[in-house]
Amino acid sequence: MGIVAFIVGVAVAVYATIKNNGLPESVSEIAYIIPHWAFTVWIAAIGFLVMPGMMDSINENWQWIGFLSVAGLMCVAASAYYKTESKILHYIGGCLCALCATVATAIIEPYLLLGWIVYPTVVFTKSWLFWGEVVVFTLLLIAIN
């Protein structure tokens, strides 16, 4: 399922990049590039695809971390437009997802956090947040597969 989540995630990101004539500033900006409903379905689908692998990979005592990661993603899906009054739910959900996904990666395969070494090469670009989200997602998928 992790491979399917990766393919679905990359396919929509590539489509949005082409349609936008450049990388979006964040994954959330894709909500303004593709239809709102499509963004919501896309983000929710990724959460549902990642959840089984995460739950299988995390010790039973720590599965709540994986659950909170996906719950955060569902908050992002529910409040796709982060430039509106629902931005608080969006930002809380995004931060919760990123934090818990990183903790889940650390629990499953802590050495994978070394993957963050590549991040400083993009931190001063317009799409720094997008690349940070990509790192979180990619390291989690590697950890659960």
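Data block above holds the structure.
Residues numbered from 1 in each chain as written. Predicted model: local features only at pLDDT ≥ 70, side-chain atom pairs only at ≥ 80, totals over all residues. Heavy atoms only, no water.

**A few points about the packing of helix α1 (residues 2-20) against helix α2 (residues 36-57)**
Point 1. Where α1 contacts α2, the axes come no closer than 8 Å and their chain directions differ by 160 degrees. In terms of orientation, α1 lies roughly antiparallel with respect to α2. In terms of crossing hand, the pair formed by α1 and α2 is left-handed. Of α2, the residues touching α1 (which contributes G2, V4, A5, V8, G9, V12 and A13) are W42, I46, L49 and V50.
Point 2. Per-class residue counts for the contact of α1 with α2 are 9 nonpolar, 2 polar and no charged. (Axes fitted to C-alpha atoms, helices over the stretch in contact; angles between N-to-C directions. Helix = DSSP H or I, 4+ residues; strand = E, 2+ residues; numbered from the N terminus. Parallel < 35°, antiparallel > 145°, perpendicular 65-115°, else oblique. Left-handed = near helix turned anticlockwise from the far one by under 90°. Contact = heavy atoms within 4.5 Å. Nonpolar A, V, L, I, M, F, W, Y, C, P; charged D, E, K, R; others polar.)

**Topic: the environment of L89**
Point 1. The residue L89 is located in helix α4 (residues 87-108) in this model.
Point 2. Put simply, L89 and S79 are 10 residues apart on the chain and 6.5 Å apart in space, counted from C-alpha to C-alpha.
Point 3. When residues no more than four places from it in sequence are discounted, the contact partners of L89 are C75 and S79.

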